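Each chain is listed here by its residues.
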Amino acid sequence: MTMHIDMETFTVNKRFPLTISRGITTHTENIWVKIEADGIEGWGEASPFGVGNHRQSTAMIQNSLQQIIPTLQSFHPLQHEQIEQALLRAKLPSSAIAAVDMALYDWLGKKVGLPLWQMWGLNRNAIAPISVTIGISSPETARERVRNWLQFADIKILKVKLGSPDGITADRIMVQAVREEAPTLELYVDANGGWNVEDAIFMCRWLADLGVKYVEQPLSRGEEQNLNQVKKSSPLPIFVDESCFRSQDISPLVNYIDGVNIKLMKSGGLTEAIRIVHTARAHGLQVMFGCYSDSTLANTAALQLSPLADYLDLDSHLNLIDDPFTGATLEQGILLPTHLPGLGVEQRASVT
Ligand SMILES: [Mg+2]
């Protein structure tokens, strides 16, 4: 055996349950993966998510990893490309691939003794502030959530989840309440595919007047052919999230969008995330990094590439009461990677 691989599931609970257009989340069962070779450890994380009919459950991720681990253990962590090919051939869920890919990069950074952002020559002083999420809720609950975020940290940007099952009147009332509660903060909007074309056009115009910066995923995954109509009539930049998993998803969309939201669980880790960044840039698109119910581990991994992003939405770990990892720190609204080698993530002492 050339490298040893362990994995374990862990539950993370949200301080505030999160509601988006597709439903409510209170907790998730995530998975950590640990590789060991040459006396060096590398850590990665997979978290479950669903987009329309596409679902990557914890059990599915766990089973797929269990099956592939004996094969992977015959490789050395330096054989990263061969490992990626083996994972893609085995058709693992992208979140399972992400966990292994992250662990390989963590290992590599520790092997050379550098944080990944530094290994890649990126500028830690050029990281955009993060946005934090206000889920779909009543106007009063949304106001409370804004106040709570502002008490929690020096927050500069709010991302408001719209696409309410109660329709765009409910969306407008909620986002107006958020605007009133935080008149000076920057606002982003994510509809999570909760609108039709007509609603999307109306809302993009209305939200532009409210001073919102961009709109994410106005139409649901599978309705990309209608994005052109929204784009033509929208004064706001349109980002896709659910419609783009990997770099090859970009070229069919380039005329209908202004940017992409990259998530390690969709891309299958940092390797493909880098390809998406460059594919997007080559097409003149903007780039954002986002998250699902990821802990500090996966968000600190994504943060390694953050100097390359225009927007950062890596806040899921800030809403966890039992995050087993430490890593990124939040300073004046900016999430910063550490100076430790690799991902710069450590397991909390109390959780063993
Ligand atoms: Mg999104």
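Throughout, a residue's number is its position along its own chain's written sequence, starting from 1. Totals for whole chains, interfaces and linings use every residue, but because this is a predicted model, local features are given only for residues with pLDDT of at least 70 and side-chain atom pairs only at 80 or more, for both listing and counting. Hydrogen atoms and water are omitted, and side-chain values are computed over all heavy atoms in the structure.

Visitor: Please explain the overall build of the chain as it appears in this structure.
Guide: In terms of regular secondary structure, the chain is built from 11 helices and 17 strands. With respect to the principal axes defined by its C-alpha atoms, the chain has extents near 60 × 40 × 35 Å. Relative accessibility under 20% of the residue-type maximum defines a buried residue, over 50% an exposed one, and the middle range a partly exposed one, all with a 1.4 Å probe and only protein chains included. Across the 352 residues that make up the chain, the buried fraction comes to 58%. Contact definition: two residues touch when any of their heavy atoms are within 4.5 Å. For the chain, the share of sequence-separated contacts (at least 6 apart) that also reach a separation of at least 24 residues comes to 70%. Note that His is not counted, nor are the chain ends; the positive residues are Lys and Arg, and the negative ones are Asp and Glu. Where a charge sits is defined by one atom per residue type, namely NZ (Lys), CZ (Arg), CG (Asp) or CD (Glu). Counting 29 positive and 39 negative side-chain charges, the chain places the centres of these two groups 3 Å from one another. In this text, helices come from DSSP runs of H or I with a minimum length of four residues, and strands from runs of E with a minimum of two, each type numbered from the N-terminal end.

Visitor: Please clarify how the packing of aromatic side chains should be interpreted in this entry.
Guide: Here a ring pair, both rings aromatic, is described through the centre-centre distance and the interplanar angle of the planes. Any two of the Phe, Tyr and Trp rings considered here, Trp counted by its six-membered ring, make a pair once their centres fall within 6.5 Å; the pair's planes then place it as stacked at under 30 degrees, edge-to-face at over 60, or tilted in between. Evaluated as defined, the whole model comprises 12 aromatic pairs. Between Y105 and W120, the aromatic rings sit 5.3 Å apart at their centres with planes inclined by 75 degrees, giving edge-to-face as the arrangement. With Y105 in helix α3 (residues 94–112) and W120 in the loop between α4 (116–119) and β6 (131–134), the pair connects residues that are 15 residues apart, well separated along the chain. Members of the aromatic cluster, each reached through a chain of ring pairs, are F10, W32, W43 and F325. In this arrangement the basic side chain of K263 is found over the ring face of Y292, its NZ or CZ atom lying 4.1 Å from the centre. Two thresholds decide whether a charge sits over a ring: the Lys NZ or Arg CZ must be within 6 Å of the ring centre and within 35 degrees of the ring normal.

Visitor: What am I meant to see in the side chain of D323 here?
Guide: With respect to the helices, strands and loops of the structure, D323 is situated in the loop between β13 (311–312) and β14 (325–326). Polar side-chain contacts of D323 include one of 2.5 Å to the side chain of T296. For D323, the side chain forms a polar contact with the main-chain nitrogen of F325, separated by 3.0 Å. Excluding residues within four positions of it along the chain, D323 makes contact with V12, S295, T296, H317 and R348. Any pair of N or O atoms that falls within 3.5 Å is considered a polar contact. Within protein, one atom must be able to donate a hydrogen and the other to accept it, and sequence-neighbouring residues count only if both atoms are side-chain atoms.

Visitor: In this structure, what is going on with the pairing of strand β7 (residues 157–161)? I would like to understand it.
Guide: Two faces, one strand: in a regular strand the side chains alternate between the faces of the sheet. Of all the 5 residues making up β7, 5 are buried; the element is thus mostly covered by neighbouring parts of the structure. Burial along β7 is two-sided: the face carrying I157, K159 and K161 and the face carrying L158 and V160 are both buried. Two elements, β6 and β7, share 4 bridges in a ladder whose sense is parallel. Among the inter-strand pairings, V132 is bridged to a residue of β7, identified as L158. Here a crossover is taken to be right-handed if, once the strands point away from the viewer, the path from the first strand over the helix to the second is traced clockwise. Viewed along the sheet, the connection from β6 through helix α5 (residues 139–152) into β7 turns out right-handed. Strands are labelled as partners when DSSP assigns at least two bridges between them.

Visitor: What's the story with the coordination of the magnesium ion in this structure? I'm lost.
Guide: For a metal bound by four donors in tetrahedral geometry, the ideal donor-metal-donor angle is 109.5 degrees, whereas six donors in octahedral geometry ideally sit at 90 or 180 degrees. Keep in mind that water is not among the atoms, so a site may look incomplete; donors are the N, O and S atoms within 2.8 Å of the metal, or 3.2 Å for Na, K and Ca. Protein coordination at the magnesium ion comes from D190 (OD), E216 (OE) and D241 (OD), with a distance range of 2.0 to 2.3 Å. Between the donor residues of the magnesium ion, the gaps in sequence give the motif D-x25-E-x24-D. Of this pair, E216 sits in strand β9 (residues 215–216) while D241 is found in the loop between β10 (238–240) and β11 (259–262), placing the two residues 25 residues apart along the sequence.

Visitor: Is there a simple way to explain the side chain of T28 in this structure?
Guide: Topologically, T28 is positioned in strand β2 (residues 23–37). Looking at T28, its side chain comes within polar contact range of the side chain of N30, at 2.8 Å.

Visitor: Would you explain the sheet that holds strand β3 (residues 40–46) in this entry?
Guide: Sheets are built from strands that pair by backbone hydrogen bonding, the pairs being arranged parallel or antiparallel. Strand order in the open sheet formed by 3 strands is β1-β2-β3, with antiparallel pairing between adjacent strands. Looking at strand neighbours, the two that pair on one side only are β1 (4–20) and β3, the edges of this open sheet. Direction aside, neighbouring strands of the sheet carry axes that sit 20 degrees apart on average. Pairing of β2 with β3 involves 7 bridges; the strand directions are antiparallel. Counterpart to A37 in the pairing with β3 is I40. Only C-alpha atoms enter the line fits that serve as axes; for helices the fit covers just the stretch in contact. Angles between N-to-C directions range over 0 to 180 degrees.

Visitor: Help me understand unusual backbone geometry in this model?
Guide: When glycine is set aside, most residues are seen to have a negative phi, and most peptide bonds are trans. Positive phi outside glycine occurs at K91, with the angle close to 55 degrees. Given a relative accessible area of 73%, K91 falls into the exposed group. In this structure, Q217 is a non-glycine residue whose phi angle is positive, near 40 degrees. Relative to the assigned elements, Q217 resides in the loop between β9 and α8 (227–233).

Visitor: Just to check I follow, could you spell out the sheet that holds strand β8 (residues 186–190) for this structure?
Guide: Within the open sheet, the 8 strands sit side by side as β6-β7-β8-β9-β10-β11-β12-β13. Their pairing is parallel. Lying at the two open borders of the sheet, with one neighbouring strand each, are β6 and β13. Inspection of the sheet shows β8 paired to β9 by 2 bridges, in the parallel sense. What sits directly across from D190, in β9, is E216. Sitting on the sheet, α5 touches β6 and β7, and the angle it makes with β6 is about 150 degrees.

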